[in-house]
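# Descriptive analysis of the structure
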Amino acid sequence: MASVLPCFTIGKVVQGFGRGSRQLGIPTANYAEDVVKNLPETLDCGVYYGWAQVDNGDVHKMVMNIGWCPFYRNKLKSMETHILHDFAEDFYGSTLKTLLLGYIRPEKSFDGLNDLITAIKNDIAQAKTLLDLPAAHQYKGSNFFRNGFTHSLL
């Protein structure tokens, strides 16, 4: 897995299952299935941290779950990105660039919704701490996020 990090991904934001905002209070931006299928095969499922940019806006910290979300028993693999920023409105159809820097934990199921929410909040706290480190912070200014850079580095 480490050999594929950092991992750069770009694609349009599509509507997901609607669980992030409604059930969890943790909204996510989701990539279309074709983007998910283009991930390196050696990239393990689980929770990652890194940087994200919507269209050509500011670059923000993020956490992303890649996989089947065992708690919900998804039929399709997904990439669900929680950007650590409050957006005024939905941004479906916008271009999302994500840069995965590190792995937090594998996917797993939970005994209940509250346990899932607690785990996600712990993932967010860990991501914030890791992204404040100089080694991670240097990637925030990556050429990948500069205006006009429009292709994936996968």
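It should be emphasised that the depicted structure is a prediction, and the values quoted were computed from it without experimental measurement. Every residue gets a number counted from 1 within its own chain, in the order that chain's sequence is written. Only residues with pLDDT of 70 or above have their local features reported here, since the model is predicted, and side-chain atom pairs are shown and tallied only from 80 upward, although totals for entire chains, interfaces and linings are computed over all residues. Based on all heavy atoms of the structure, the side-chain values leave hydrogens and waters out of the count.

## A closer look at helix H3 (residues 113-131)
Its 19 residues place the ends of H3 27 Å apart at the C-alpha level, agreeing with the 27 Å of an ideal helix rising 1.5 Å per residue. Whether a residue is buried, partly exposed or exposed follows from its accessible area with a 1.4 Å probe, protein chains only, as a fraction of its type maximum: under 20%, in between, or over 50%, in that order. To qualify as a helix, a DSSP run of H or I must reach at least 4 residues; to qualify as a strand, a run of E must reach at least 2; elements of each kind are numbered from the N terminus. For H3, the set of buried residues is Leu 116, Ile 117, Ala 119, Ile 120, Asp 123, Ile 124, Ala 127 and Leu 131. Relative to the axis of H3, the buried residues are bounded by an arc of 160 degrees and lie together on one face. Away from its buried face by more than 90 degrees, H3 exposes Asn 114, Lys 121 and Thr 129. Multiplying 1.5 Å by the helix residue count minus one yields the expected span of that helix. The arc in question is the one traced by the directions running from the helix axis out to the C-beta atoms.

## Here we look at unusual backbone geometry
Omega for the bond connecting Leu 5 with Pro 6 falls within 30 degrees of zero, at 0 degrees, which places this linkage in the cis form. Inspection of the secondary structure puts Pro 6 in the segment before strand E1 (7-14). If you check the backbone angles, Asp 55 has positive phi at about 50 degrees while not being a glycine. Its place among the elements puts Asp 55 in the loop between strand E3 (46-54) and strand E4 (59-67). A residue is classified by how much of its surface remains accessible, and Asp 55, at 35% relative accessible area, is partly exposed.

## Some thoughts on the confidence of the model for the protein chain
Of the residues in the protein chain, 86% have a pLDDT of 70 or more, and the chain-wide mean is 88. When the elements of the protein chain are averaged for pLDDT, helix H1 (residues 19-24) gives the smallest value, 64, and E3 the largest, 97. Confidence drops under pLDDT 50 across residues 150-154; counting only partners more than four residues distant or on other chains, this segment forms 13 contacts. Per-residue confidence from the predictor is reported as pLDDT, a score between 0 and 100. Note on contacts: a residue pair is in contact if any heavy atoms of the two residues lie within 4.5 Å.

## Structural notes on the environment of Gly 46
By the secondary structure assignment, Gly 46 is in strand E3. Distance in space between the C-alpha atoms of Gly 46 and Cys 69 is 8.8 Å, their sequence separation being 23 residues. Not counting residues within four places of it along the chain, the set of residues in contact with Gly 46 comprises Met 64, Asn 65, Ile 66, Tyr 103, Arg 105, Pro 106 and Glu 107.

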